[in-house]
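Below are the chains, spelled out letter by letter.
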Amino acid sequence: MDKILDKKVINYGEAIYEAITQEMARDENIFVYGLGVDDPKGHYGTTKDLHKKYGKLRSFDTPLSEDAMTGIGIGAALAGLRPIYVHQRMDFLLLCMNQIVNMASKIRYISSGEHSVPLVIRAAIGRSWGQGAQHSQALQSFFMHIPGLKVIAPTTPHDVKGGLIASIRDNNPVIFIEHRMLYKNAGYVPSDTYEIKFGKGRVLREGNDITIVGVSHSVEDSLRAADLLKGVGVNAEVIDPISLSPIDNEIIRDSVNKTKKLLVVDNGWMKCGFSAEIIADVATNCESILCQRLGFPETPCPTTPSLEKHFYPNPQNIAKKANEMCGGDSEWNPPEVVQHEIVSFKGPF
Amino acid sequence: MNNLFDIKKAYYLFLLIRRSEEKIIELYNTDKIKSPVHLSIGQEAIAVGVSLALSESDIIFSNYRGHAHFIAREANLDKMWAELYGKSRGTARGKGGSMHLNDYEKNFIPTSAIVSTAVPEAVGYAFALKYKKQEGTVVCYHGDGATDEGVFWESLNFASLHSLPIIFICENNKYAIYSHQNTRSLNNPIVDRAKAFGVSSIRISGNKTKNFFDATSDCIKQIKKKSQPFLLECMTTRWRDHVGITIPELSKAEFEEIENAKNNDDLVELEKQLPEDDVLIINKKVTTEIENAINFAESSNFPEESELYDNVLA
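Quick caveat, the model's predicted, so the values are computed rather than measured. (Residues numbered from 1 in each chain as written. Chains lettered and ligands numbered in written order. Predicted model: local features only at pLDDT ≥ 70, side-chain atom pairs only at ≥ 80, totals over all residues. Heavy atoms only, no water.)

Enquirer: Please explain the overall build of chain A as it appears in this structure.
Expert: On a plain count of helices and strands, chain A comes out with 13 helices and 14 strands. Each of the three principal axes of chain A carries a C-alpha extent, and together these read 60 × 50 × 45 Å. For chain A, buried positions account for 62% of its 349 residues. The long-range share in chain A, meaning contacts at least 24 apart out of those at least 6 apart in sequence, stands at 81%. Put simply, chain A shows about 13,400 Å² of open surface, and 52% of that area lies on carbon and sulfur atoms. Put simply, chain A has 37 plus and 41 minus side-chain charges, and the middle of one group is 3 Å from the middle of the other. (Helix = DSSP H or I, 4+ residues; strand = E, 2+ residues; numbered from the N terminus. Buried < 20%, exposed > 50% of the residue type's maximum accessible area, 1.4 Å probe, protein only. Contact = heavy atoms within 4.5 Å. Areas by Shrake-Rupley, 256 points an atom, 1.4 Å probe, with all protein chains shown as cover. Lys, Arg positive; Asp, Glu negative; His and termini not counted. Charge placed at Lys NZ, Arg CZ, Asp CG, Glu CD.)

Enquirer: Please clarify how the interface of chain A and chain B should be interpreted in this entry.
Expert: Where interface size is quoted, it is often the accessible area lost as the parts come together. In this assembly, 42 residues from chain A lie in contact with 37 residues from chain B. Buried surface at the junction of chain A and chain B, summed over both partners, amounts to about 3,300 Å²; 67% is from carbon and sulfur atoms. Linking chain A to chain B there are zero salt bridges. The interface formed by chain A and chain B holds 13 residue pairs in polar contact (both at pLDDT 80 or more) in total. When contributions to the side of chain A that touches chain B are tallied by element, the ones reaching two or more residues are β2 (30–33), α3 (66–78), α4 (97–104) and α5 (107–110) of chain A. By residue number, the principal contributor to the side of chain A that touches chain B is α3 of chain A, which donates ten residues. The residue inventory of the side of chain A that touches chain B, partitioned by class, reads 19 nonpolar, 16 polar and seven charged. (Buried area = accessible area lost by both parts, 1.4 Å probe. Salt bridge = Lys/Arg side-chain N within 4 Å of Asp/Glu carboxyl O. Polar contact = N/O pair within 3.5 Å; in protein donor to acceptor, adjacent residues only side chain to side chain. Nonpolar A, V, L, I, M, F, W, Y, C, P; charged D, E, K, R; others polar.)

Enquirer: Quick question: what am I supposed to make of empty space enclosed by the protein here?
Expert: It is the rolling of a water-molecule-sized probe over the atoms that shows where space remains empty. Taken as a whole, this structure holds five cavities of 30 Å³ or more when the rule is applied. The calculated volume of the largest cavity comes to roughly 130 Å³. Forming the walls of the largest cavity are N173, Y175, I177, Y178, T237, R238, D241, P248, L250, E254, E257 and I258 of chain B. Counted by class, the lining of the largest cavity contains six nonpolar, two polar and four charged residues. Computed from the structure, the second largest cavity encloses a volume of approximately 90 Å³. The wall of the second largest cavity is formed by 16 residues, among which R127, H217, S218, N267 and Y312 of chain A lie closest to the centre. If you list the elements that add at least two residues to the lining of the second largest cavity, you get α8 (217–230) and β13 (261–269) of chain A. Across the lining of the second largest cavity, the residue classes break down as seven nonpolar, six polar and three charged. Each of domain 1 (3–190) and domain 2 (202–344) of chain A contributes no fewer than three residues to the lining of the second largest cavity. (1 Å grid on protein atoms, 1.4 Å probe; cavity = no way out; pocket = protein on both sides within 12 Å on 5 of 7 lines; lining within 4 Å. Points joined across faces, edges and corners; volume = space filled by probe spheres on them. Domains from an automatic or database assignment.)

Enquirer: Looking at this structure, I do not really get the sheet that holds strand β10 (residues 210–213) of chain A. What am I missing?
Expert: The strands making up a sheet are joined through hydrogen bonds of the backbone, oriented either antiparallel or parallel. Residues and elements named next belong to chain A. An order of β9-β11-β10-β13-β14 is seen for the five strands of this open sheet, with the pairing classed as mixed. Strands with a single pairing partner mark the edges of an open sheet, and in this sheet they are β9 (202–205) and β14 (290–296). Pairs of neighbouring strands in the sheet enclose a mean axial angle of 25°, with direction left out of account. For β10 and β13, the ladder comprises three bridges, and the chain directions are parallel. Its bridge partner lying in β13, I212 is registered against L263. Sheet strands in contact with helix α12 (residues 315–325) are β10, β13 and β14, and its direction is about 165° off that of β14. (Pairing = 2+ DSSP bridges. Axes fitted to C-alpha atoms, helices over the stretch in contact; angles between N-to-C directions.)

Enquirer: Mind showing me how you'd approach the pairing of β13 of chain A here?
Expert: Side-chain direction in a regular strand flips from residue to residue, so the side chains alternate between the two faces of the sheet. All names here are of chain A. The buried fraction of β13 amounts to eight of the nine residues, a majority that puts the element mostly inside the structure. Both β13 and β14 contribute to a ladder of six bridges, which runs parallel. Among the inter-strand pairings, V264 is bridged to a residue of β14, identified as R293.

Enquirer: What is the right way to read unusual backbone geometry from this model?
Expert: Peptide bonds are mostly trans, and most non-glycine residues show a negative phi. Between S245 of chain A and the following residue, P246 of chain A, the backbone shows a cis peptide bond with an omega angle of 0°. Position of P246 of chain A among the secondary structure elements: in the loop between β12 (243–245) and α9 (249–259). Positive phi outside glycine occurs at I177 of chain B, with the angle close to 55°. Turning to its location among the elements, I177 of chain B is positioned in the loop between β5 (175–176) and β6 (179–180).

The structure is reproduced here in structure tokens:
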């Protein structure tokens, strides 16, 4: 049986684990490190017991020294290893910025291509259940801004496995963005190894009336919004860019040239962010497209659920905005959709 | 690893560094050199002493004050000059300049312009050597200023925790631009702080090439027996400003310190130990090599516009 056709249903977290363990078995230069990677929880199971399988040199806990540990990964990559550095929260990458921005992204350029930095930095966005101001941030735009970095934020179990394998095999530094609210999502995943392509997005739902582009978890909510929109006769096309840098502008341009309407649903602050970049590209390269966006209000993320629910875009307000853009009734109040992954999550981490 | 101190070679490398940088000073106002320069004049003995103790398989992590380390490693002088000129035959095809020299063949890793920033990279490289059971020691040159940064101690901690084969060469010229060490930390010697992290550390005073050579040779000998990190705090004096070619504007005491260092210039000491003929031959060789390197730079082209986008990504 063709192994690539041999699929099974696993969840997003299991797909990450599978990508890592299969790649580690293939190439002994790959190692995994980060706070808690070898603890009993194994970072949502994604690194569980790798140290037992591949030895303590290839999967190890670190001092709480994110700045140096990033540089150590870069140095190891310069020497021919392929490190995967794991962060439980994307917020912690702020401790690594000097190394990522000044070193990882620039060494190839300043050595005229003699050196490269095959380093994968995994970081989880920690939204929901009281994560608040410093444990929930989605900072993809910081990294999209920097030449010399690749940035990817897969949404489905299929793409997270293929995306991580592609990141590990890539010779550039890759910021690999996961989302805590996606770990339990299940889907068909090929059993063998495979890569998805950087710079290649995916149309997850076809439609002619409006284009909705999400990023990471907001793709999930955009799909829910598309379901709601069906109820009022609006066919939304939902695009998951998957790879944020390089980004597949073509797939978005093609779609908006068809629908003439674009709604970008950011999972971050809008100013200078992902949505700004998508809309700027469409404004520059397409004609007569109605553009709108949703994203975080300009506040830190509040901890209490009574305010947090107003902080994130949700399927209803995405659907309402899209319907208005399509000339629908502005009084329409879409029925509530249960975001089961958010409602069911009860911490502590 | 070399155990015998080769005075002739030490004098040659020392002179090549000194004359190269003097040439930079001479040419700098013509604007032919297209980047900031951080001169090593006064500090050359460290680079020469350390480099003479190293083997081909050893790895060099330097920094923006890297001319001496680069030349002492016998890296490509022609390419260095072409890089200073911003030319396409430079070490980074003109995209790096003085602050980002590199020489792949010589295991001289591209340098960083940000204090202490390449220190963890050096540790990561040493980790990789141990991981791959590969021969070699990493040498990480940094200044006293680097030890003000948190990442420096994070790096030292990891090197110590994993017993990595690395020598931190702390070139302590006491100044970060114009900020004296005493204004930046209590009188708590760098060697003592390093020892607290479990890193064997020695302070070497006197700014003499042979002493740096001996200390480095000894570290390498011990690393070959048992992988472990070392720190050598090499006391030295920078004769020029932090950046550029000018003489520092100093107090009388500070000025006297530099004058004193000049009177104890190890280049002069090394020269005294060599036969006159050798000195003449070496001087001639150095002059020719620098002339050739400058001709190489002058006769190189600037990179084409199309190169702007080269090597952003692999």
